[in-house]
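# Geometric and topological summary
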Amino acid sequence: QVELVESGGGLVQPGGSLRLSCAASGGTFTTQTLAWFRQAPGKERALVAAIMWSGGSTYYADSVKGRFTISGDNAKNTMYLQMNSLKPEDTAMYYCNAVIRLYPYWGRGTQVTVSS
């Protein structure tokens, strides 16, 4: 019932920035956890950033700490991942995730490619 759709991916040069968005639809619900994951070819899907909606505490993987910022806009049913100072190793398919009433929902992903 809940649908998550990512957008904002694309090709960017090293040092550039992108802002990913994840729009949620499917009615009114309470989100417990919001998160962004990424998966590069040949690698496992890894947690990039997460936020506990109640209280707003955040988590960042060491590889992106200081460069990425996760946020959410409840009024727009959208969460974001602001990515600055992008590196080639950030290249991956990025997926948004939301835990709603103890069930995890996933988007289909948006590709981010960092290359000169």
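The structure this text deals with has already been given above.
Here, residues in each chain are numbered from 1, in the same order as that chain's written sequence. Since the coordinates come from a predicted model, pLDDT governs what is reported: local features require at least 70, and pairs of side-chain atoms require 80 or more to be given and counted, while whole-chain, interface and lining totals use all residues. Excluded from the side-chain calculation are hydrogens and water; included are all heavy atoms of the structure.

What counts as a helix is a DSSP run of H or I of at least four residues, what counts as a strand is a run of E of at least two, and both are numbered from the N terminus. For the protein, the count of helices and strands is zero helices and eleven strands. What you see in the protein, going N to C, is helices and strands ordered as β-β-β-β-β-β-β-β-β-β-β. The reference for a compact globule is 2.2 Å times residues^0.38; the radius of gyration itself is calculated from the C-alpha atoms. Scaling as 2.2 N^0.38, a compact globule of 116 residues should have a C-alpha radius of gyration of about 13 Å, and the protein matches this with 14 Å. Only protein chains enter the calculation, and the probe is 1.4 Å; a residue is then buried if its accessible area is under 20% of its type maximum, exposed if over 50%, and partly exposed in between. The proportion of buried residues among the 116 residues of the protein is 41%.

This next bit is on the pairing of strand S4 (residues 31-39). Most of S4 sits inside the fold, with seven of its nine residues counted as buried. In this description, strands pair whenever DSSP reports at least two bridges between them. Looking at chain direction, S4 and strand S9 (residues 92-100) are connected through eight bridges and run antiparallel. Bridge pairing in S9 places Gln39 opposite Met93. In this sheet, strand S5 (residues 46-52) lies alongside S4 in antiparallel orientation, the contact comprising six bridges. Bridge pairing in S5 links Ala35 to Ala50.

The next thing to look at is unusual backbone geometry. One can expect most non-glycine residues to show negative phi and most peptide bonds to be in trans. Its identity is not glycine, yet Asn77 carries a phi of approximately 50°, on the positive side. On the secondary structure map, Asn77 appears in the loop between strand S7 (68-73) and strand S8 (78-83). Positive phi, normally seen in glycine, also occurs at Arg101, with a value near 50°. With respect to the helices and strands, Arg101 occurs in the loop between S9 and strand S10 (103-106). With relative accessibility at 67%, the residue Arg101 sits in the exposed group.

Looking now at the nonpolar core. Counting residues in each nonpolar core, the largest one holds 30 residues, and the members touching the most others are Leu4, Trp36, Val48, Phe68, Leu81, Met83 and Tyr94. Breaking this core down by element, the ones donating at least two residues are strand S3 (18-25), S4, S5, S7, S8, S9 and strand S11 (110-114). Per-element accounting of this core gives the leading share, five residues, to S9. Whether two residues are in contact is decided by their heavy atoms, any of which lying within 4.5 Å being enough. Ignoring any residue separated from it by four or fewer positions in sequence, one finds Tyr94 in contact with Glu6, Leu20, Trp36, Phe37, Arg38, Val48, Phe68, Leu81, Met83, Gly109, Thr110 and Val112. Buried Ala, Val, Leu, Ile, Met, Phe, Trp, Tyr and Cys residues form a nonpolar core when they are joined through side-chain atoms within 4.5 Å.

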